[in-house]
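# Chains, contacts and geometry: an overview
The primary structure of each chain is shown beneath.
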Amino acid sequence: MNPAMLIPLQLLLTVSLQVLFFQNLTLWNGWGILAFHALGILLLPLNTRPVVLLVISALVGASVDFFAYGGGLFTSAAITMATFLPLINRLLAPREGYEVTDEPTIKSMGIQWFSVRTFAALSIHNLWLFSLEAGRWSLMFTGWGKALTSSLLGLFLFAAVLQLVQAKRKKR
Amino acid sequence: MRNLWNFIVQYQVILVFMLLQGLAMSWFVTSHGFPRGKWVRLALNWESAWQGRLAQWSHRTELSDQNIQLLEENARLRSTLGQSSSSPKGNRSKFIAAEVIRLTWVQDQNYFILNQGRDQGIRIGQGVTENGAAIGKIIETTNAYSIGIPLLHNRLDWSARIGQSGAIGRLKWNGVDATSGVLYDIPRSADLKPGDSVLTTGFQGVFPPDLLFGIVADEPPFFDGEFLNVPVNWSANFQSLRYVQLTETTDRKLLDSLQSTVNLSTP
């Protein structure tokens with residue numbers, strides 16, 4: 001499939017899955033909450049311009065907020081994550097820099113690179129999201145704990161999904 | 001314009017972030033009860049503080065406006081009082097309100113500038129009073145401003161009288177103390193004591209009669225031949241002059257022409 005078509009499709013798919021399914025899934029008494037739409041943002045090409053990344057992330061977050069009644073919470077978190085994503089990419093870049101063909105996937109960059117990047121980005125997203133939701137210092141530390149456990153859960157889910165998709169592609 | 005464009009290009013990520021985050025946060029604050037409540041309380045505090053500050057400023061401005069209104073009303077009342085008086089001298093003066101915008105009191109020949117000029121009816125030679133006390137006269141005017149000399153001027157003599165029917169002398173500032181002057185040429189036989197009023201005579205045509213210059217100071221008068229020189233404490237505080245009134249002797253031209261007749265007939 002044309003990569004230009006693939007990006008909007010994967011964004012649409014992740015947002016749809018988040019709104020229709022993951023939004024209603026709360027594990028371990030609130031310690032496992034998933035933000036599946038973040039995968040769509042994380043899978044955007046590595047050479048995406050920061051401003052474009054910000055705008056796309058805002059649109060993705062706003063879509064989730066709109067359909068899941070998040071009231072700007074996911075928009076704000078997605079924008080924050082998108083702000084730090086170029087910095088994370090730079091920090092994790094190989095010594096010779098990224099190749100034009102490099103993709104932000106396990107298959108292309110390896111499980112270690114993918115895990116560190118995904119956990120860092122999800123942590124920023126979730127820390128911001130849970131801090132905003134807590135809104136007061138008495139709930140803040142619990143919120144941060146939930147953000148980190150949710151980031152770990154998200155990392156496992158994203159890795160599993162990508163492994164499944166890549167495995168299917170290999171079979172073809 | 002080019003610099004602005006360069007700035008936007010250079011900081012585009014931060015600017016877009018701030019814009020989008022601002023929109024998201026406003027959406028969040030307006031749609032969630034707790035942050036909305038918190039925001040409303042915060043905004044209420046800020047607004048109350050700001051409104052309080054505005055009210056203070058407004059109050060000060062209002063006080064200033066009220067001062068000017070009171071001053072004008074005072075001038076009007078003084079004019080009315082003069083016109084309605086049964087005494088013939090009462091009909092000879094009217095008052096105009098003004099504010100002192102520049103003032104000196106540490107020189108030998110001081111001056112003050114008022115915010116009223118020819119357009120408001122101020123003319124050279126008009127007397128200036130503060131709360132009914134004589135303080136100086138106008139020597140030059142423009143359309144919008146006028147300049148005057150106060151009692152604190154060592155080359156001017158003012159015709160003054162002790163009490164309403166006491167001895168008459170020359171009141172002059174000695175150039176030393178801004179709170180007092182000296183009334184010269186008072187006969188030794190004059191009956192005076194500290195605290196007696198020193199009033200205008202109205203002879204110079206600057207002030208109407210019986211306006212207060214000051215009071216006889218609690219110091220012994222010093223002798224000058226057949227006369228006494230009497231220390232006088234000014235009624236007005238020249239270091240805090242602000243709102244004043246100008247007196248206009250309405251029949252001054254008539255009196256001047258009468259005086260010139262006397263001068264012509266003098267051998």
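Residues numbered from 1 in each chain as written. Chains lettered and ligands numbered in written order. Predicted model: local features only at pLDDT ≥ 70, side-chain atom pairs only at ≥ 80, totals over all residues. Heavy atoms only, no water.

## Quick word on the overall build of chain A
What counts here: Counting from the N terminus, the helices are the DSSP runs of H or I reaching at least four residues and the strands are the DSSP runs of E reaching at least two. Throughout this description, buried means an accessible area under 20% of the type-specific maximum (1.4 Å probe, protein chains only), exposed means over 50%, and partly exposed covers the range between. Any pair of residues with heavy atoms lying within 4.5 Å of one another is described as a contacting pair.
Counting its secondary structure elements, chain A contains seven helices and two strands. Across the 172 residues of chain A, 47% fall into the buried class. Taking the intrachain contacts of chain A between residues at least 6 apart in sequence as the baseline, contacts between residues at least 24 apart amount to 69%.

## What to know about the overall build of chain B
Short version of the rule: Computed with a 1.4 Å probe, the accessible areas rest on the Shrake-Rupley method; for each residue, only the protein chains presented here act as cover.
Assigned secondary structure in chain B consists of four helices and 13 strands. Each of the 267 residues in chain B was classed as buried or not, and the buried ones make up 37%. Taken as a whole, chain B presents about 16000 Å² of accessible surface, with 56% of it coming from carbon and sulfur.

## Some details on the pattern of salt bridges
All names here are of chain B. Let me state the cut-off plainly: Basic side-chain nitrogens of Lys or Arg form a salt bridge, by our definition, when they fall within 4 Å of a carboxyl oxygen of Asp or Glu.
All told, the structure shown has five salt bridges over all chains when counted by the stated rule. Glu-99 serves as the salt-bridge partner of Arg-242, at 2.9 Å between the closest nitrogen and oxygen. One end of the pair, Arg-242, is in the loop between strand S12 (227-234) and strand S13 (243-249); the other, Glu-99, is in strand S1 (residues 93-103), and 143 residues separate them in sequence. Overall, Arg-242 belongs to the partly exposed group, its relative accessible area being 40%. Measuring nitrogen to oxygen at the nearest pair gives 2.8 Å for the salt bridge that ties Arg-170 to Asp-185. Of this pair, Arg-170 sits in strand S7 (residues 168-172) while Asp-185 sits in strand S8 (residues 180-187), placing them 15 residues apart in sequence. Here the salt bridges do not stand alone but share partners, grouping Asp-157, Arg-170, Lys-172 and Asp-185 into one network.

## Digging into the nonpolar core
The condition that has to hold: By nonpolar core we mean a set of buried residues, namely Ala, Val, Leu, Ile, Met, Phe, Trp, Tyr and Cys, connected to one another through side-chain atoms within 4.5 Å.
Ranked by internal contacts, the top residues of the largest apolar core, which has 49 residues, are Ile-41, Phe-114 and Phe-158 of chain A. Of all the elements in the fold, those that place two or more residues in this core are helix H1 (3-20), helix H2 (37-42), helix H3 (50-68), helix H4 (73-91), helix H5 (106-109), helix H6 (111-134) and helix H7 (137-171) of chain A together with helix H2 (12-31) of chain B. It is H4 of chain A that contributes the most residues to this core, nine residues altogether. Those residues in contact with Phe-158 of chain A that sit more than four places away from it in its chain are Ala-35, Phe-36, Ala-38, Leu-39, Leu-42, Phe-114, Thr-118 and Leu-122 of chain A. Listed in part, the 41 residues of the second largest apolar core include Ile-186, Leu-228, Val-232 and Leu-246 of chain B.

## Examining the pairing of S8 of chain B
Stated precisely, the cut-off is as follows: Paired strands, as defined in this entry, are two strands with at least two bridges between them according to DSSP.
Where S7 of chain B meets S8 of chain B, three bridges bridge the pair, whose relative direction is antiparallel. By the bridge assignment for S8 of chain B, Lys-172 of chain B is matched with Val-182 of chain B.

## What to know about a nonpolar patch on the surface
Residues and elements named next belong to chain B. Definition in use: For patch building, the residue pool is restricted to those with more than 30% relative accessible area and no salt bridge; the joining distance is 9 Å between like charges and 5 Å between nonpolar side chains (Val, Leu, Ile, Met, Phe, Trp, Tyr).
Together, Met-1, Leu-4, Trp-5, Phe-7, Ile-8, Val-9, Tyr-11, Ile-14, Leu-15 and Met-18 make up a nonpolar patch on the protein surface, roughly 1000 Å² of accessible area in all. Those elements giving two or more residues to the nonpolar patch turn out to be helix H1 (2-10) and H2. For the nonpolar patch, the element with the most residues is H1, which contributes five residues. For Leu-15, the location among the structural elements is in helix H2.

## Re the packing of H4 of chain A against H6 of chain A
All names here are of chain A. For the record, the criterion: Axes, fitted as lines to C-alpha atoms, cover a helix only where it is in contact. Angles between the N-to-C directions of the axes lie from 0 to 180 degrees. For any helix crossing, the convention is left-handed if the near helix is rotated counterclockwise from the far helix by under a right angle, and right-handed if that rotation is clockwise. Under this grouping Gly is polar, as are all residues other than the nonpolar Ala, Val, Leu, Ile, Met, Phe, Trp, Tyr, Cys and Pro and the charged Asp, Glu, Lys and Arg.
Here H4 crosses H6 at 145°, and the two axes come no closer than 9 Å. Read as a crossing pair, H4 and H6 show a hand that is right-handed. In contact with Leu-73, Phe-74, Ser-76, Ala-77, Ala-78, Thr-80, Met-81, Phe-84, Leu-85, Ile-88 and Asn-89 of H4, H6 contributes Trp-113, Arg-117, Ala-120, Ala-121, Ile-124, His-125, Trp-128, Leu-129, Leu-132 and Glu-133. Here the contact of H4 with H6 is built from residues that sort into 15 nonpolar, four polar and two charged.

## Some words on H3 of chain A
Note the cut-off: The length a helix should cover is 1.5 Å for every residue beyond the first.
When the terminal C-alpha atoms of H3 of chain A are compared, their 26 Å separation across 19 residues agrees well with the 27 Å that a helix rising 1.5 Å per residue should span. Buried within H3 of chain A we find Val-51, Leu-53, Leu-54, Ser-57, Ala-58, Val-60, Gly-61, Val-64, Asp-65 and Ala-68 of chain A.

## Topic: the packing of aromatic side chains
All names here are of chain A. Using the following cut-off: By convention, a stacked pair of Phe, Tyr or Trp rings (six-membered ring in the case of Trp) has centres within 6.5 Å and planes under 30 degrees apart, an edge-to-face pair has planes over 60 apart, and any other such pair is tilted.
Per the stated rule, a full pass over the model turns up 12 aromatic pairs over all chains. Centre to centre, the rings of Phe-36 and Phe-158 are 5.9 Å apart; their planes meet at 75°, and the pair counts as edge-to-face. Here Phe-36, found in the loop between strand S2 (32-33) and H2, pairs with Phe-158, found in helix H7; they are 122 residues apart in sequence, far enough to count as distant. Under the relative-accessibility criterion, Phe-158 is labelled buried at 1%.

## As for the interface of chain A and chain B
We count it as follows: Computed with a 1.4 Å rolling probe, the buried area is the accessible surface lost when two parts are put together, summed over both parts. Polar contacts here mean pairs of N or O atoms no more than 3.5 Å apart (in protein, one a potential hydrogen donor and the other a potential acceptor; neighbouring residues in sequence count only if both atoms are side-chain atoms).
If you look at the interface, chain A gives 23 residues, while chain B gives 14 residues. When chain A packs against chain B, the two sides together hide about 1400 Å² of surface, and 75% of this comes from carbon and sulfur. The tally of links between chain A and chain B comes to zero salt bridges. At the boundary of chain A with chain B, the tally comes to four residue pairs in polar contact (both at pLDDT 80 or more). Looking at the side of chain A that touches chain B, the elements with two or more residues in it are H3, H4 and H6 of chain A. Looking at the side of chain A that touches chain B, the element that brings in the most residues is H3 of chain A, giving eight residues. Its residues placed into classes, the side of chain A that touches chain B shows 12 nonpolar, eight polar and three charged.

## Topic: the packing of H4 of chain A against H2 of chain B
Test applied: For classification purposes, angles smaller than 35 degrees are called roughly parallel, those larger than 145 roughly antiparallel, those between 65 and 115 roughly perpendicular, and all remaining angles oblique.
Axis separation between H4 of chain A and H2 of chain B bottoms out at 8 Å; the angle between their running directions is 155°. Taken together, H4 of chain A and H2 of chain B sit at an angle that is classed as roughly antiparallel. The element H4 of chain A and its partner H2 of chain B pack so that their crossing is left-handed. Contact with H4 of chain A, carried on its side by Leu-73, Thr-75, Ser-76, Ile-79, Thr-80 and Thr-83 of chain A, involves Phe-17, Leu-20, Gln-21, Ala-24, Met-25, Trp-27 and Phe-28 of chain B of H2 of chain B and no other residues of that element.

## A short note on the environment of Gln-163 of chain A
Residue and element names in this part refer to chain A. Within the element layout of this structure, Gln-163 appears in helix H7. The partly exposed category is assigned to Gln-163, whose relative accessible area is 42%. In this structure the C-alpha to C-alpha distance between Gln-163 and Thr-105, which are 58 residues apart in sequence, comes to 9.3 Å.

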